[in-house]
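Survey of secondary and tertiary structure
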Amino acid sequence: MKKRRFWKAAVLCLGMAVLFPCRGLTVGAEEITAASRAVAAYSEDYTMGSISSLCNGVTFTNSMYASDSDSIVVSASPNSGYSFAYFTDNGVIVTKSSYYAFSPGYYDHTVVAHFVKRGDNEDEDVPQVNWSNSACIFAHGYKIDAVSITTSQVVQGRQCREAFDSVRGEYQYIGMYNISFAHAGSPLEQLDHPVQLLFDIPAQYQKEGRKFKMLRVYKGQPAALEDLGERGNKVQFETDCTAAYALVYQD
């Protein structure tokens, strides 16, 4: 009787595991320290597609700890009837390629693969996302005709990070980006006049009372751009150039 109950419980447990796949933490670093970076990589909806993840060539499942210089590679595979759409990293769209490689740098990463239902026609097989304005847009009243903004999350080089550090004070990093302007599709290094932009704060960093600002490095010169809006879910800042940027916060 006890043996029958054991197998019944085992079958029930296995069924639950199929319905609700485990998303446990897999520790990749030999020792977790204050310098360890949490890297999570998963599919927005596992019924639409799956994701495979490697750290220095070794597979990890869903999440792990890594060091600044580790090599992280994630790739996405859509299930039947679906297509891959894009990857987000800390809530910001980083690539429409189903292959995404990065080093953790100095902050944690949450990488999510997004998929779309495949349409009957190829033209329908496109996610409804405005790529050029996905994370950063013109604030109301500052839009310039035929000028678009593109945001890319990147791991900046040592000199750029040192320039950020020189002006960030007690603020902590959320992410580092290249924000670029283009006029009618042609790259634009600098605008004729400053404009105000709105940048989405990743949901996991939104917190009541928390302060945010954007840092900028342009031609090697750092600047701290104050939050002009205090919206809570967006940073509003003024700038006029294609440059390296970093979103930071302080509690």
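Before going into details, it helps to say that this report is about the structure given with it. (Residues numbered from 1 in each chain as written. Predicted model: local features only at pLDDT ≥ 70, side-chain atom pairs only at ≥ 80, totals over all residues. Heavy atoms only, no water.)

**Remarks on the sheet that holds strand E14 (residues 190-200)**
One open sheet holds the three strands; their spatial order is E10-E14-E17, and the pairing between them is antiparallel. Whereas interior strands pair on both sides, the edge strands pair on one side only; in this sheet they are strand E10 (136-138) and strand E17 (234-241). On average, adjacent strands in this sheet sit at an angle of 35° to one another, irrespective of strand direction. By the bridge criterion, three bridges tie E10 to E14 in an arrangement that is antiparallel. Across the sheet, residue Ile137 finds its bridge partner in E14, namely Leu198. (Pairing = 2+ DSSP bridges. Helix = DSSP H or I, 4+ residues; strand = E, 2+ residues; numbered from the N terminus. Axes fitted to C-alpha atoms, helices over the stretch in contact; angles between N-to-C directions.)

**What to know about the sheet that holds strand E7 (residues 92-95)**
Read from one edge to the other, the open sheet built from five strands follows the order E4-E1-E9-E6-E7, with strand pairing classed as mixed. Taken across any chain shown, the strands that pair with only one partner, and hence form the sheet edges, are strand E4 (63-66) and E7. The sheet shows a mean angle of 30° between the axes of neighbouring strands, taken without regard to direction. Two strands pair when backbone bridges link them, and strand E6 (residues 82-89) and strand E9 (residues 109-117) are joined in this way by seven bridges, in the antiparallel orientation. When the sheet's bridge partners are listed, Phe87 is paired in E9 with Ala113.

**Re the environment of Gln153**
Tracing the backbone through its elements, the reader meets Gln153 in strand E11 (residues 147-153). For the pair Gln153 and Val94, spaced 59 residues apart in sequence, the C-alpha to C-alpha distance is 5.7 Å. Sequence-distant contacts of Gln153, defined by excluding residues within four places in its chain, comprise Asp89, Asn90, Val92, Val94, Tyr107, Gly175, Met176 and Tyr177. (Contact = heavy atoms within 4.5 Å.)

**Observations concerning the packing of aromatic side chains**
According to the stated counting rule, one finds eight aromatic pairs in the structure shown. For the pair Phe84 and Phe87, a centre-to-centre distance of 5.1 Å together with 55° between the ring planes defines the contact as tilted. In terms of burial, Phe84 and Phe87 fall into one category: buried. Both rings, one in Tyr100 and one in Phe102, keep their centres 4.9 Å apart while their planes meet at 25°; by these two values the pair is stacked. An aromatic cluster of at least three residues, connected via ring pairs, comprises Phe84, Phe87, Tyr100, Phe102 and Phe115. Directly above the ring of Tyr171 sits Lys213, whose terminal nitrogen or CZ lies 4.3 Å from the centroid. (Phe/Tyr/Trp six-rings, centres within 6.5 Å; stacked < 30°, edge-to-face > 60°. Buried < 20%, exposed > 50% of the residue type's maximum accessible area, 1.4 Å probe, protein only. Lys NZ or Arg CZ within 6 Å of the ring centre and 35° of its normal.)

**Comments concerning the side chain of Arg161**
Mapped onto the fold, Arg161 is located in helix H2 (residues 158-168). Buried charge without a partner: Arg161 forms no salt bridge, and the closest opposite charge is Asp165, 6.5 Å away. Engagement of the side chain of Arg161 in a polar contact is seen with the backbone oxygen of Gln156, the distance being 2.5 Å. Ignoring anything within four residues of it in the chain, the contact list for Arg161 reads Tyr106, Val155, Gln156, Tyr173 and Met176. (Lys, Arg positive; Asp, Glu negative; His and termini not counted. Salt bridge = Lys/Arg side-chain N within 4 Å of Asp/Glu carboxyl O. Polar contact = N/O pair within 3.5 Å; in protein donor to acceptor, adjacent residues only side chain to side chain.)

**Remarks on the nonpolar core**
Ile179, Leu197, Phe199, Phe237, Tyr245 and Leu247 are the most contacted members of the largest nonpolar core, which totals 27 residues. Residue assignment for this core shows that the elements contributing at least two residues are E10, E11, strand E12 (172-183), E14, strand E15 (211-218), E17 and strand E18 (243-250). With residues up to four places along the chain from it excluded, the contact list for Ile179 reads Cys136, Ile149, Thr150, Thr151, Phe199, Phe237, Cys241, Thr242, Ala243 and Tyr245. The next biggest cluster of nonpolar side chains, apart from the first, holds 18 residues, and it includes Cys55, Ala76, Val94 and Ala113. (Core = buried A, V, L, I, M, F, W, Y, C linked by side-chain atoms within 4.5 Å.)

**Comments concerning the pairing of E18**
Most of E18 sits inside the fold, with seven of its eight residues counted as buried. Of the pairings in the sheet, the one linking E12 to E18 comprises seven bridges and is antiparallel in character. Residue pairing in the sheet places Gly175 in a bridge with Leu247 of E18. Examined bridge by bridge, E15 and E18 share seven bridges and lie antiparallel to one another. Bridge pairing in E18 places Leu215 opposite Ala246.

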